[in-house]
Amino acid sequence: GGGGGGGGGGGVCIDRLEGGIVVLRTKTRPKRFGLRGTDGSAYSYLLKGREDLHLDARIMQLLRTVNGLLRADRAVRAASPTGLMHGSAGLRARHYAVLPLSERSGLIRWVEGVTPLYSLYEARLSHAAAQAAPREGGRPQAASPPETPRPADTFYAKLTPALHKAGVPAGAPRRAWPHGVLRSVLLELMRETPRDLIAHELWGRAANAAAGWASSRAYAASAATNSMVGYVVGLGDRHLDNVLLDLSSGELLHIDYNVCFEKGLRLKVAETVPFRMTPAMVSALGPWGVDGPFTSACVAVLRVLRSAREPILAL
């Protein structure tokens, strides 16, 4: 952190460790902990092991540079104050502090007030399951809520019987899976996934129509900025736990930039899409879909990135 406080040099120092340490359930089992600074403020961090965060730190530097370029662009500044084109916050990519400690560990500043898209999806399924639960006297019977299946589990639960029906033997390699079967499973999953997942959260939490409109515009601007920057750096691994949503402002925050520079193309299941834009994400863009403020913001961001390619490549 920065600003006043103890430490003699004007910077903020660590006063004490606060609370316990929480181990997250994700693959590398990162640890979340809190610190109290000499300025009296609380700071939360994530300690990640078995992972080199130098790339993440460099990407954060890139995002800060891109944000500065967008703020300095006259056309972007002219469109942003009204909030009609790029949202009241303008075009920017949210970022966070990353401090590599070694080639195998580092600290990431915990961002408060954001929710992974998967948590929204999980909450919607849990609510639907509770509504469908047997009731007694008008109230749901006491029972532990069923565990929400992970998206991969849901996919294979539909794919396995579909492959069997198509005569594909169990254990057949992925390249032997018929394209038509994969497409039919995808379309079925799309029909079952609520398209209003993000829009419902943004508008449901808005105090009035004006606030809902502002969140929708901020979401479109944020989605466009992150999509274009991600496309330029070849960002992959955009699963629902790596895309977070600030429900108060509507802005998106992307985390975990380890799969970068087209590394996704070399994965076992190659990632060929330029950026994530699912039906639920499109629905939250408003009545225009991708053809309104989202597209105009994408054009503006790409124009700025192209005009500043030399300083960007020098990072």
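Structure's up top.
What counts, and where the lines are drawn
- Residues numbered from 1 in each chain as written.
- Predicted model: local features only at pLDDT ≥ 70, side-chain atom pairs only at ≥ 80, totals over all residues.
- Heavy atoms only, no water.
- Pairing = 2+ DSSP bridges.
- Helix = DSSP H or I, 4+ residues; strand = E, 2+ residues; numbered from the N terminus.
- Axes fitted to C-alpha atoms, helices over the stretch in contact; angles between N-to-C directions.
- Salt bridge = Lys/Arg side-chain N within 4 Å of Asp/Glu carboxyl O.
- Buried < 20%, exposed > 50% of the residue type's maximum accessible area, 1.4 Å probe, protein only.

Caption draft 1: Highlighting the sheet that holds strand β3 (residues 42–49). Read from one edge to the other, the open sheet built from 5 strands follows the order β1-β2-β3-β5-β4, with strand pairing classed as antiparallel. Either end of the sheet is taken by a strand with one partner, and the two such strands are β1 (14–23) and β4 (98–100). Neighbouring strand axes in the sheet, compared pairwise and without regard to direction, differ in orientation by 25° on average. Two elements, β4 and strand β5 (residues 105–109), share 3 bridges in a ladder whose sense is antiparallel. Note on β5: the bridge partner recorded for V98 is I108.

Caption draft 2: Inspection of the sheet that holds strand β9 (residues 243–245) at higher detail. Across the sheet, 3 strands lie side by side as β6-β9-β10; this open sheet has antiparallel pairing. Every interior strand has two partners, whereas the edge strands, β6 (115–116) and β10 (252–254), have only one. Pairing between β6 and β9: 2 bridges, direction antiparallel. The residue bridging T115 from the neighbouring strand is L245, located in β9.

Caption draft 3: Examining the pattern of salt bridges more closely. For the coordinates displayed, the defined rule picks out 14 salt bridges. Between R94 and D246 there is a salt bridge, and its shortest N-O distance comes to 3.2 Å. Of the two residues, R94 is situated in the loop between α2 (74–79) and β4 and D246 in the loop between β9 and β10; the sequence distance between them amounts to 152 residues. An identical accessibility class is assigned to R94 and D246; each is buried. A salt bridge links R124 to D196; its shortest N-O distance comes to 3.1 Å. Of this pair, R124 sits in helix α3 (residues 117–132) while D196 sits in the loop between α5 (179–192) and α6 (197–204); the two residues are 72 residues apart in sequence, bridging distant segments of the chain. In this structure R124 comes out as partly exposed when scored by relative accessible area, which is 21%. Overlapping salt bridges bring together D15, R16, E18 and R36 as one network.

Honestly, it's all geometry; don't read function into it.
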